[in-house]
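Chain by chain, the residues:
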Amino acid sequence: MAQNINRRVQTLDEFTIQQVRDFPHATGELGRLLRDIGLASKRVNVEVNKAGLVDILGDAGSINVQGEDVKKLDVFANNQFIGVLRHGISCAGIGSEENDDIVIFDDEISNNSKYVLLMDPLDGSGNIDVNVSIGTIFSIYRRVSELGQPCKLEDFLQPGNRQVAAGYIIYGSSTMLVYATRRGVNGFTLDPSIGEFTLSHPEIQCPKNGKIYSVNHGNFHQYNEGTRSYIHTCQRKNRNNGGPYTQRYIGSMVADVHRNLIKGGIFMYPGTTDKPKGKLRLLYECNPLAFIAEVAGGKATNGEISILDLQPTELHERSPFFIGSIEMMDELERHLAQG
Ligand code: AHG
Ligand code: MN
Ligand code: MN
(Lines give C-alpha, C1' and ligand atoms only; values in the text may rest on other atoms or scores of the structure.)
(Ligands and ions follow the chains in the order given, each with its own letter.)
Protein backbone atom coordinates (compact mmCIF):
# COMPACT_ATOMS: atom_id res chain seq x y z
CA MET A 1 0.00 0.00 0.00
CA ALA A 2 1.28 3.48 -0.86
CA GLN A 3 2.69 5.44 2.05
CA ASN A 4 0.77 8.50 3.09
CA ILE A 5 3.49 11.08 2.39
CA ASN A 6 2.70 14.67 3.31
CA ARG A 7 3.40 16.47 0.02
CA ARG A 8 2.81 19.85 1.59
CA VAL A 9 6.16 19.52 3.35
CA GLN A 10 8.92 20.85 1.11
CA THR A 11 12.53 19.75 1.48
CA LEU A 12 15.38 22.23 1.11
CA ASP A 13 16.18 20.80 -2.33
CA GLU A 14 12.58 21.06 -3.47
CA PHE A 15 12.44 24.62 -2.18
CA THR A 16 15.53 25.71 -4.14
CA ILE A 17 14.33 23.93 -7.28
CA GLN A 18 11.03 25.77 -6.94
CA GLN A 19 12.93 29.07 -6.74
CA VAL A 20 14.72 28.25 -10.02
CA ARG A 21 11.38 27.31 -11.61
CA ASP A 22 9.92 30.66 -10.51
CA PHE A 23 12.83 32.54 -12.13
CA PRO A 24 13.58 31.14 -15.57
CA HIS A 25 16.86 33.10 -15.82
CA ALA A 26 18.27 31.60 -12.63
CA THR A 27 21.14 29.19 -13.24
CA GLY A 28 20.61 27.19 -10.05
CA GLU A 29 24.17 27.87 -8.88
CA LEU A 30 23.04 29.48 -5.64
CA GLY A 31 20.73 26.54 -5.01
CA ARG A 32 23.60 24.10 -5.50
CA LEU A 33 25.72 26.10 -3.07
CA LEU A 34 22.93 25.95 -0.51
CA ARG A 35 22.62 22.20 -1.02
CA ASP A 36 26.37 21.84 -0.35
CA ILE A 37 25.99 23.91 2.82
CA GLY A 38 23.11 21.65 3.87
CA LEU A 39 25.23 18.54 3.30
CA ALA A 40 28.20 19.86 5.28
CA SER A 41 25.92 20.92 8.12
CA LYS A 42 24.35 17.45 8.30
CA ARG A 43 27.81 15.98 8.72
CA VAL A 44 28.64 18.50 11.42
CA ASN A 45 25.31 17.76 13.07
CA VAL A 46 26.19 14.07 13.35
CA GLU A 47 29.42 14.94 15.15
CA VAL A 48 27.76 17.53 17.37
CA ASN A 49 25.24 14.92 18.48
CA LYS A 50 28.07 12.54 19.35
CA ALA A 51 30.06 15.20 21.19
CA GLY A 52 29.24 13.79 24.60
CA LEU A 53 30.11 10.24 23.58
CA VAL A 54 33.32 10.31 21.63
CA ASP A 55 36.68 11.77 22.26
CA ILE A 56 36.04 14.92 20.32
CA LEU A 57 35.56 17.17 23.31
CA GLY A 58 38.07 19.66 24.49
CA ASP A 59 40.64 21.93 22.94
CA ALA A 60 42.35 20.94 19.75
CA GLY A 61 45.53 22.25 21.31
CA SER A 62 45.88 25.26 19.09
CA ILE A 63 44.56 28.80 19.02
CA ASN A 64 42.74 30.39 16.10
CA VAL A 65 43.76 33.58 14.33
CA GLN A 66 41.78 35.57 16.92
CA GLY A 67 43.99 34.16 19.68
CA GLU A 68 41.17 32.05 21.13
CA ASP A 69 41.22 28.34 22.00
CA VAL A 70 40.06 26.14 19.17
CA LYS A 71 37.85 23.22 20.11
CA LYS A 72 38.08 20.03 18.11
CA LEU A 73 34.62 20.44 16.70
CA ASP A 74 35.54 23.87 15.34
CA VAL A 75 38.28 22.25 13.32
CA PHE A 76 36.01 19.43 12.21
CA ALA A 77 33.24 21.82 11.14
CA ASN A 78 35.69 24.06 9.31
CA ASN A 79 37.17 21.10 7.43
CA GLN A 80 33.75 19.71 6.54
CA PHE A 81 32.50 22.95 5.05
CA ILE A 82 35.72 23.63 3.17
CA GLY A 83 35.86 20.03 1.89
CA VAL A 84 32.28 20.00 0.61
CA LEU A 85 32.49 23.46 -0.95
CA ARG A 86 35.87 22.78 -2.55
CA HIS A 87 34.52 19.65 -4.24
CA GLY A 88 31.28 21.36 -5.20
CA ILE A 89 30.97 23.49 -8.29
CA SER A 90 29.39 26.62 -6.88
CA CYS A 91 32.00 28.35 -4.74
CA ALA A 92 35.28 30.02 -5.74
CA GLY A 93 36.71 30.25 -2.23
CA ILE A 94 35.93 30.82 1.42
CA GLY A 95 36.83 33.08 4.32
CA SER A 96 36.55 31.49 7.76
CA GLU A 97 37.00 32.43 11.38
CA GLU A 98 39.40 29.50 11.62
CA ASN A 99 41.67 30.48 8.71
CA ASP A 100 44.03 33.41 8.84
CA ASP A 101 43.71 34.04 5.10
CA ILE A 102 41.04 33.34 2.52
CA VAL A 103 41.08 29.83 1.05
CA ILE A 104 41.08 30.04 -2.76
CA PHE A 105 39.89 26.84 -4.39
CA ASP A 106 41.73 27.64 -7.63
CA ASP A 107 40.73 24.89 -10.03
CA GLU A 108 39.06 25.35 -13.36
CA ILE A 109 35.50 24.79 -12.16
CA SER A 110 35.82 26.77 -8.93
CA ASN A 111 37.44 29.68 -10.76
CA ASN A 112 34.32 29.86 -12.89
CA SER A 113 31.99 29.88 -9.88
CA LYS A 114 30.44 33.24 -9.24
CA TYR A 115 30.06 33.00 -5.48
CA VAL A 116 32.33 33.21 -2.44
CA LEU A 117 31.33 32.29 1.09
CA LEU A 118 32.32 33.58 4.53
CA MET A 119 31.61 31.54 7.63
CA ASP A 120 31.87 31.05 11.34
CA PRO A 121 31.96 27.24 11.18
CA LEU A 122 31.06 26.82 14.83
CA ASP A 123 29.59 29.69 16.80
CA GLY A 124 29.28 29.31 20.54
CA SER A 125 32.08 26.78 20.65
CA GLY A 126 32.60 27.47 24.35
CA ASN A 127 29.26 25.70 24.84
CA ILE A 128 30.22 22.41 23.15
CA ASP A 129 31.34 20.74 26.36
CA VAL A 130 28.13 21.59 28.21
CA ASN A 131 25.45 20.49 25.75
CA VAL A 132 24.17 23.96 24.87
CA SER A 133 23.06 24.93 21.36
CA ILE A 134 25.79 25.95 18.93
CA GLY A 135 25.66 26.88 15.26
CA THR A 136 27.22 27.72 11.91
CA ILE A 137 26.83 31.17 10.33
CA PHE A 138 27.43 31.90 6.64
CA SER A 139 27.37 34.78 4.19
CA ILE A 140 27.38 34.59 0.38
CA TYR A 141 28.59 37.23 -2.08
CA ARG A 142 28.74 37.41 -5.84
CA ARG A 143 32.44 37.88 -6.57
CA VAL A 144 33.67 41.13 -8.06
CA SER A 145 36.91 39.74 -9.51
CA GLU A 146 37.13 38.36 -13.01
CA LEU A 147 35.41 35.01 -13.63
CA GLY A 148 37.76 32.28 -14.78
CA GLN A 149 40.51 33.57 -12.45
CA PRO A 150 41.12 32.61 -8.81
CA CYS A 151 38.96 34.68 -6.45
CA LYS A 152 40.61 37.53 -4.52
CA LEU A 153 40.41 39.19 -1.10
CA GLU A 154 38.34 42.02 -2.62
CA ASP A 155 35.55 39.49 -3.26
CA PHE A 156 35.25 38.99 0.49
CA LEU A 157 35.67 42.62 1.62
CA GLN A 158 32.30 43.79 0.31
CA PRO A 159 29.80 45.64 2.50
CA GLY A 160 27.01 43.50 3.93
CA ASN A 161 24.39 45.17 1.76
CA ARG A 162 25.97 43.35 -1.20
CA GLN A 163 25.20 39.93 0.26
CA VAL A 164 23.28 37.69 -2.11
CA ALA A 165 22.22 35.32 0.65
CA ALA A 166 23.02 34.51 4.26
CA GLY A 167 22.03 31.94 6.80
CA TYR A 168 22.78 29.90 9.86
CA ILE A 169 22.38 26.39 11.15
CA ILE A 170 21.55 25.74 14.80
CA TYR A 171 22.50 22.42 16.32
CA GLY A 172 19.95 22.54 19.12
CA SER A 173 16.96 20.63 20.43
CA SER A 174 16.23 20.36 16.71
CA THR A 175 18.71 21.12 13.99
CA MET A 176 17.54 24.02 11.93
CA LEU A 177 18.75 25.88 8.87
CA VAL A 178 17.59 29.45 8.41
CA TYR A 179 18.25 30.91 5.00
CA ALA A 180 17.68 34.40 3.63
CA THR A 181 17.78 35.99 0.22
CA ARG A 182 16.34 39.40 -0.53
CA ARG A 183 13.08 37.61 -1.24
CA GLY A 184 12.57 36.32 2.27
CA VAL A 185 13.77 34.33 5.26
CA ASN A 186 12.82 30.69 5.52
CA GLY A 187 13.52 28.14 8.25
CA PHE A 188 14.06 24.42 7.62
CA THR A 189 14.12 21.83 10.37
CA LEU A 190 16.16 18.66 9.92
CA ASP A 191 13.88 15.63 9.83
CA PRO A 192 16.22 12.94 11.20
CA SER A 193 14.00 10.15 9.86
CA ILE A 194 14.79 11.09 6.25
CA GLY A 195 17.93 13.17 6.81
CA GLU A 196 16.43 16.16 5.01
CA PHE A 197 15.87 19.76 5.97
CA THR A 198 12.15 20.45 5.59
CA LEU A 199 10.45 23.82 5.40
CA SER A 200 9.07 24.39 8.89
CA HIS A 201 9.16 28.20 9.24
CA PRO A 202 8.15 29.78 5.91
CA GLU A 203 8.55 33.55 5.47
CA ILE A 204 9.92 34.37 8.92
CA GLN A 205 9.08 37.87 10.13
CA CYS A 206 10.72 39.35 13.22
CA PRO A 207 8.04 40.76 15.56
CA LYS A 208 8.21 44.57 15.70
CA ASN A 209 8.57 44.46 19.45
CA GLY A 210 9.55 41.95 22.09
CA LYS A 211 10.29 41.44 25.75
CA ILE A 212 13.71 39.79 25.66
CA TYR A 213 17.08 41.52 25.83
CA SER A 214 20.34 39.62 25.46
CA VAL A 215 23.65 41.07 26.63
CA ASN A 216 26.64 40.01 28.70
CA HIS A 217 25.91 41.76 32.00
CA GLY A 218 29.40 40.96 33.27
CA ASN A 219 30.68 43.74 31.03
CA PHE A 220 28.01 46.25 32.11
CA HIS A 221 30.39 48.74 33.71
CA GLN A 222 32.51 48.79 30.58
CA TYR A 223 29.67 49.83 28.28
CA ASN A 224 29.15 53.45 27.28
CA GLU A 225 26.51 55.57 28.95
CA GLY A 226 23.91 55.24 26.17
CA THR A 227 24.09 51.44 26.28
CA ARG A 228 23.87 51.36 30.09
CA SER A 229 20.92 53.73 30.00
CA TYR A 230 19.08 51.48 27.52
CA ILE A 231 19.79 48.38 29.64
CA HIS A 232 18.31 50.21 32.64
CA THR A 233 15.18 50.88 30.59
CA CYS A 234 14.95 47.17 29.79
CA GLN A 235 14.94 46.47 33.52
CA ARG A 236 12.25 48.99 34.46
CA LYS A 237 8.52 49.14 34.27
CA ASN A 238 7.88 51.59 31.53
CA ARG A 239 4.61 52.86 30.15
CA ASN A 240 5.92 52.64 26.59
CA ASN A 241 7.74 49.33 26.55
CA GLY A 242 5.68 47.08 28.83
CA GLY A 243 8.87 46.21 30.74
CA PRO A 244 10.68 44.95 32.64
CA TYR A 245 12.02 42.71 29.93
CA THR A 246 13.40 39.23 30.43
CA GLN A 247 17.16 38.82 30.11
CA ARG A 248 18.40 35.80 28.11
CA TYR A 249 22.03 35.29 27.12
CA ILE A 250 23.26 31.83 26.19
CA GLY A 251 26.73 32.67 24.92
CA SER A 252 25.99 31.25 21.46
CA MET A 253 25.01 34.36 19.53
CA VAL A 254 23.39 32.35 16.78
CA ALA A 255 20.97 30.79 19.29
CA ASP A 256 20.31 34.08 21.09
CA VAL A 257 19.62 35.89 17.82
CA HIS A 258 17.47 33.04 16.50
CA ARG A 259 15.24 33.11 19.57
CA ASN A 260 14.90 36.89 19.37
CA LEU A 261 14.14 36.71 15.64
CA ILE A 262 11.26 34.32 16.27
CA LYS A 263 9.93 35.75 19.55
CA GLY A 264 10.95 39.39 19.27
CA GLY A 265 13.86 40.81 21.23
CA ILE A 266 17.20 42.55 21.07
CA PHE A 267 20.77 41.18 21.21
CA MET A 268 23.72 43.41 22.02
CA TYR A 269 27.47 42.92 21.97
CA PRO A 270 28.65 46.49 22.55
CA GLY A 271 32.20 47.75 22.55
CA THR A 272 33.83 47.89 25.99
CA THR A 273 36.50 50.14 27.46
CA ASP A 274 38.98 47.27 27.00
CA LYS A 275 37.74 46.33 23.51
CA PRO A 276 36.08 49.31 21.82
CA LYS A 277 35.09 47.19 18.80
CA GLY A 278 33.64 44.43 20.97
CA LYS A 279 34.23 40.79 20.17
CA LEU A 280 32.13 39.80 17.20
CA ARG A 281 33.48 39.58 13.68
CA LEU A 282 31.86 41.77 11.06
CA LEU A 283 32.15 39.55 8.00
CA TYR A 284 30.97 36.17 9.19
CA GLU A 285 29.08 36.88 12.43
CA CYS A 286 27.47 40.34 12.22
CA ASN A 287 26.82 40.76 8.48
CA PRO A 288 24.93 37.52 7.83
CA LEU A 289 22.74 37.90 10.91
CA ALA A 290 22.14 41.58 10.07
CA PHE A 291 21.07 40.63 6.54
CA ILE A 292 18.66 37.99 7.84
CA ALA A 293 17.22 40.36 10.46
CA GLU A 294 16.67 43.16 7.94
CA VAL A 295 14.99 40.92 5.37
CA ALA A 296 12.75 39.72 8.23
CA GLY A 297 11.82 43.32 9.11
CA GLY A 298 14.28 43.79 12.00
CA LYS A 299 17.35 45.99 12.22
CA ALA A 300 21.09 45.75 13.00
CA THR A 301 23.62 48.51 13.70
CA ASN A 302 27.06 49.05 15.19
CA GLY A 303 25.49 51.67 17.48
CA GLU A 304 25.96 54.37 14.85
CA ILE A 305 25.12 53.10 11.39
CA SER A 306 23.63 50.04 9.78
CA ILE A 307 25.95 47.04 9.99
CA LEU A 308 25.23 46.37 6.31
CA ASP A 309 26.64 49.77 5.26
CA LEU A 310 30.06 49.24 6.85
CA GLN A 311 32.90 48.95 4.34
CA PRO A 312 35.16 46.15 5.60
CA THR A 313 38.91 46.59 5.44
CA GLU A 314 40.06 43.33 7.01
CA LEU A 315 38.86 39.74 6.86
CA HIS A 316 38.69 39.31 10.63
CA GLU A 317 37.67 42.79 11.76
CA ARG A 318 35.36 43.19 14.72
CA SER A 319 32.38 45.43 15.28
CA PRO A 320 30.05 46.38 18.12
CA PHE A 321 26.74 44.69 17.33
CA PHE A 322 23.12 45.52 18.12
CA ILE A 323 20.38 43.49 16.42
CA GLY A 324 16.70 42.82 16.89
CA SER A 325 13.10 43.94 16.70
CA ILE A 326 12.71 47.28 15.00
CA GLU A 327 10.94 49.16 17.80
CA MET A 328 13.45 47.96 20.42
CA MET A 329 16.30 48.99 18.14
CA ASP A 330 14.70 52.41 17.67
CA GLU A 331 14.48 52.86 21.43
CA LEU A 332 18.09 51.75 21.85
CA GLU A 333 19.15 54.32 19.25
CA ARG A 334 17.41 57.11 21.17
CA HIS A 335 19.46 56.18 24.24
CA LEU A 336 22.70 55.91 22.29
CA ALA A 337 22.10 59.32 20.72
CA GLN A 338 21.66 60.88 24.17
CA GLY A 339 24.54 58.94 25.76
P1 AHG B 1 32.77 31.72 18.76
O2 AHG B 1 32.39 30.48 19.48
O3 AHG B 1 32.61 31.59 17.25
O4 AHG B 1 34.12 32.25 19.14
O5 AHG B 1 31.72 32.91 19.11
C6 AHG B 1 31.30 33.12 20.43
C7 AHG B 1 30.66 34.47 20.50
C8 AHG B 1 29.15 34.51 20.39
O9 AHG B 1 28.54 33.38 19.88
C10 AHG B 1 28.67 34.78 21.79
O11 AHG B 1 27.48 35.50 21.83
C12 AHG B 1 29.81 35.53 22.37
O13 AHG B 1 30.96 35.03 21.74
C14 AHG B 1 29.92 35.35 23.86
O15 AHG B 1 30.96 36.14 24.31
P16 AHG B 1 31.07 36.59 25.85
O17 AHG B 1 31.40 35.38 26.63
O18 AHG B 1 32.17 37.61 25.84
O19 AHG B 1 29.75 37.22 26.24
MN1 MN C 1 31.21 32.97 16.68
MN1 MN D 1 33.43 30.10 15.89
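Rules used in this analysis
Residues numbered from 1 in each chain as written. Chains lettered and ligands numbered in written order. Predicted model: local features only at pLDDT ≥ 70, side-chain atom pairs only at ≥ 80, totals over all residues. Heavy atoms only, no water. Buried < 20%, exposed > 50% of the residue type's maximum accessible area, 1.4 Å probe, protein only. Helix = DSSP H or I, 4+ residues; strand = E, 2+ residues; numbered from the N terminus. Pairing = 2+ DSSP bridges. Domains from an automatic or database assignment. Contact = heavy atoms within 4.5 Å. Buried area = accessible area lost by both parts, 1.4 Å probe. Donors = N, O, S within 2.8 Å, 3.2 Å for Na, K, Ca; no water. Salt bridge = Lys/Arg side-chain N within 4 Å of Asp/Glu carboxyl O.

### Details of the pairing of strand 9 (residues 184-191)
For step 1, the next point in the chain: Counted residue by residue, strand 9 has seven buried out of eight residues, so it is predominantly covered.
For step 2, the next point in the chain: Relative to strand 9, strand 8 (residues 175-181) is paired through six bridges, and the arrangement is antiparallel. Residue pairing across strands places Tyr179 opposite Asn186, the latter belonging to strand 9.
For step 3, the next point in the chain: Between strand 8 and strand 9, which pair antiparallel one after the other, the connecting turn spans two residues.
For step 4, the next point in the chain: Looking at chain direction, strand 9 and strand 10 (residues 196-201) are connected through five bridges and run antiparallel. Bridge pairing links Phe188 to Leu199 in strand 10.
For step 5, the next point in the chain: Count of turn residues in the strand 9/strand 10 antiparallel hairpin: four residues, of which Gly195 carries a positive phi of about 65 degrees.

### Quick word on the domain arrangement of the protein
For step 1, the next point in the chain: Splitting the protein by domain gives domain 1 (12-201) and domain 2 (212-338).
For step 2, the next point in the chain: Taking only C-alpha atoms into account, the centre of domain 1 sits 24 Å from that of domain 2.
For step 3, the next point in the chain: Counting from both sides, the interface comprises 45 residues of domain 1 and, opposite them, 31 residues of domain 2.
For step 4, the next point in the chain: Summed over both partners, the interface of domain 1 with domain 2 buries about 2,800 Å², with 65% contributed by carbon and sulfur atoms.

### Side note on the coordination of the manganese ion (ligand 3)
For step 1, the next point in the chain: Bound to the manganese ion (ligand 3) are the protein donor atoms Glu97 (OE), Asp120 (OD) and Leu122 (O), situated 2.1 to 2.3 Å from the metal.
For step 2, the next point in the chain: Read in sequence order, the donor residues coordinating the manganese ion (ligand 3) give the pattern E-x22-D-x1-L.
For step 3, the next point in the chain: Between the manganese ion (ligand 3) and the manganese ion (ligand 2), the interatomic distance is 3.7 Å, and Asp120 donates to each metal, bridging them. Taken as a pair, Glu97 in the loop between strand 3 (93-96) and strand 4 (103-104) and Asp120 in strand 5 (residues 115-123) lie far apart in primary sequence, 23 residues in all. Grouping residues by exposure puts Glu97 and Asp120 together as buried.

### Thoughts on the coordination of the manganese ion (ligand 2)
For step 1, the next point in the chain: Here the manganese ion (ligand 2) is held by Asp120 (OD), Asp123 (OD) and Glu285 (OE), and the distances to it run 1.9 to 2.2 Å.
For step 2, the next point in the chain: Between the donor residues of the manganese ion (ligand 2), the gaps in sequence give the motif D-x2-D-x161-E.

### Let's talk about the pattern of salt bridges
For step 1, the next point in the chain: Per the stated rule, a full pass over the model turns up seven salt bridges.
For step 2, the next point in the chain: Where Asp330 meets Lys299, a salt bridge forms, and the shortest distance between an N and an O atom there is 3.2 Å. Placement of Asp330 in helix 9 (residues 326-338) and of Lys299 in strand 14 (residues 299-301) is noted, with a sequence separation of 31 residues between them.
For step 3, the next point in the chain: What makes Asp330 partly exposed here is its relative accessible area of 28%.
For step 4, the next point in the chain: Here Lys299 and Glu333 are joined by a salt bridge, their closest N and O atoms 3.1 Å apart. With Lys299 in strand 14 and Glu333 in helix 9, this residue pair connects regions lying 34 residues apart in the sequence.

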